[in-house]
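# Observations on the three-dimensional arrangement
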Amino acid sequence: MIMTIAGRELRSLFLSPLAWAILATVQFIIAYLFLSQVDAYLMVQPRLAAIEGAPGVADLVIAPLFGNAAIILLLITPMITMRVLSEERRNRTISLLFSAPVSMTEIILGKYLGVLGFFLVLLAMIALMPLSLLAGTELDLGKLATGLLGLTLLLAAFSAIGLFKSALTDQPTIAAISTLRPAAVAVDHRLGRQQRGAGQRPVRLPLHAAALRDAAEGTAEQHRHHLLPAGDHPVP
């Protein structure tokens, strides 16, 4: 019964124009960032050839891409989860769901897996971009898998938060705003890194963003100073 509810929830998401608009928008933004990272890598590739043990494509293309993708996915998660339960409460159809011969646990797990299934489809589309580099170069598949696992766990956590917030109100907008707070912390950090580079007071790095970045980048930090012009220092 859980999988039946999950399949129904997944189908209802793909029947919504909002879901297709989110898929298209996210793919466009991620594709632009991906091509920008590839272009930047091609610019420094001649310098990398002279460095022993220099970082590769996984460090300079895939890791930054996944870091940016994490922020984007955090921002769009509330737009998907806000209607899961609050919409049914507002339309007063949730009583029909509760009257079905299923437990509350099965209902929640089914809806959660349906939302998570949508995000896994989106994540699979994002993963095709770095995988396309296999046609022209070698990839560190371990770092690629680690980055994808980090994004999956991040989406699973925020899907759970969004579902919880959606269960507390019958207004999807309120559910979305209350879910956005953790995402706003991550965005504040991205701005804080730029401010710290400009000599301003930085914003602290949240644990989930730091873990994802460090796992995806692997050992890139120890080589980054070789790629910087004289007098420049990397921002930790």
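See the structure printed just above.
Below is a summary of the structure that appears in this document. (Residues numbered from 1 in each chain as written. Predicted model: local features only at pLDDT ≥ 70, side-chain atom pairs only at ≥ 80, totals over all residues. Heavy atoms only, no water.)

## Some words on the overall build of the protein
In plain terms, the rule: Where helices and strands are cited, they refer to DSSP runs of H or I of at least four residues and of E of at least two residues respectively, numbered from the N terminus. Throughout this description, buried means an accessible area under 20% of the type-specific maximum (1.4 Å probe, protein chains only), exposed means over 50%, and partly exposed covers the range between. Contacts are residue-level and defined by heavy atoms, with any inter-residue pair within 4.5 Å sufficient. Accessible surface is estimated by sampling points in the Shrake-Rupley manner with a 1.4 Å probe; for residues, cover comes only from the protein chains shown.
Along its length, the protein carries nine helices and zero strands. N-terminal to C-terminal, the α/β element order of the protein is α-α-α-α-α-α-α-α-α. Scored against the burial criterion, the 236 residues of the protein give a buried share of 42%. Partitioning the contacts of the protein with sequence separation of at least 6, the portion at a separation of at least 24 is 78%. Put simply, the protein shows about 12700 Å² of open surface, and 65% of that area lies on carbon and sulfur atoms.

## A short note on the nonpolar core
Basically, it comes down to this: In these notes, a set of buried Ala, Val, Leu, Ile, Met, Phe, Trp, Tyr and Cys residues joined through side-chain atoms within 4.5 Å is what counts as a nonpolar core.
Counting residues in each nonpolar core, the largest one holds 47 residues, and the members touching the most others are Val26, Ile30, Leu73, Phe119 and Leu122. Every element with two or more residues in this core is listed here: helix H2 (17–48), helix H3 (57–81), helix H6 (104–131) and helix H7 (141–166). Broken down by element, the residue count for this core peaks at 14 residues, all from H3.

## Looking at the packing of aromatic side chains
Defined as follows: Working definition: rings of Phe, Tyr and Trp (its six-membered ring) pair if their centres are within 6.5 Å, and the pair is stacked with planes under 30 degrees apart, edge-to-face with planes over 60 apart, and tilted otherwise.
Applying the stated criterion across every chain, the model contains three aromatic pairs. Ring geometry for Phe14 versus Phe118: centroids 5.4 Å apart, planes at 55°, classification tilted. Of this pair, Phe14 sits in helix H1 (residues 2–14) while Phe118 sits in helix H6; the two residues are 104 residues apart in sequence, bridging distant segments of the chain. For Phe14, a relative accessible area of 22% gives the class partly exposed. Phe118 gets classed as buried once you look at its relative accessible area, which sits at 0%.

## Details of the pattern of salt bridges
Cut-off, in case you're wondering: Note on definitions: salt bridges are taken to be side-chain nitrogens of Lys or Arg within 4 Å of carboxyl oxygens of Asp or Glu.
Counted under the stated rule, the structure contains one salt bridge. Taking the shortest distance from any N to any O, the salt bridge between Lys111 and Glu9 comes out at 2.8 Å. You can see Lys111 sitting in helix H6 and its partner Glu9 sitting in helix H1, a full 102 residues away along the chain. Relative accessible area serves as the criterion here: at 1%, Lys111 is assigned to the buried category.

## Digging into a nonpolar patch on the surface
Rules: Patches here are clusters of residues that have more than 30% relative accessible area and form no salt bridge, with a 9 Å joining cutoff for like charges and a 5 Å cutoff for nonpolar side chains (Val, Leu, Ile, Met, Phe, Trp, Tyr).
Residues Leu128, Leu131, Leu134 and Leu141 make up a contiguous nonpolar surface patch of roughly 370 Å² in combined accessible area. One can find Leu131 in helix H6. For Leu131, a relative accessible area of 36% corresponds to the partly exposed category.

## Re the packing of H2 against H3
The condition is simple: Here the axes come from fitting lines to C-alpha atoms, over the contacting stretch only for helices, and the angles between their N-to-C directions go from 0 to 180 degrees. Geometric relationships in this document are graded by angle, where less than 35 degrees denotes roughly parallel, more than 145 denotes roughly antiparallel, 65 to 115 denotes roughly perpendicular, and other angles denote oblique. In this scheme, a crossing is called left-handed if the near helix is turned counterclockwise away from the far one by less than a right angle; it is called right-handed if the turn is clockwise. Each residue receives one of three labels: charged for Asp, Glu, Lys and Arg, nonpolar for Ala, Val, Leu, Ile, Met, Phe, Trp, Tyr, Cys and Pro, and polar for the others, Gly being one of them.
Close contact between H2 and H3 brings their axes to 9 Å; oriented N to C, the two are set at 160°. Considering their axes alone, H2 and H3 lie roughly antiparallel with respect to each other. Regarding H2 and H3, the two cross each other, and that crossing is right-handed. Taking contact as the criterion, the partners of Leu18, Ile22, Val26, Ile29, Ile30, Leu33, Phe34, Gln37, Val38, Tyr41, Val44 and Leu48 in H2 are, on H3, Val57, Leu60, Val61, Pro64, Leu65, Asn68, Ala69, Ile72, Leu73, Ile76, Met79 and Ile80. Each residue belonging to the contact of H2 with H3 can be placed in one class, and the counts come to 22 nonpolar, two polar and no charged.

## Some remarks on the side chain of Gln37
Position of Gln37 relative to the elements: it lies in helix H2. In contact with Gln37, other than residues within four places in its own chain, are Leu60, Val61 and Pro64.

## Here we look at H7
Which entries qualify depends on this criterion: The span you would expect from a helix comes to 1.5 Å times its residue count less one. Whenever two N or O atoms come within 3.5 Å, that pair is a polar contact, provided that in protein one can donate a hydrogen and the other can accept it, and provided that, for residues adjacent in sequence, both atoms are side-chain atoms.
For H7, spanning 26 residues, the distance from its first C-alpha to its last is 37 Å, which sits close to the expected 38 Å at 1.5 Å a residue. N-cap assignment for H7: the residue whose side-chain oxygen lies 3.1 Å from the backbone N of Gly142 is Asp140.

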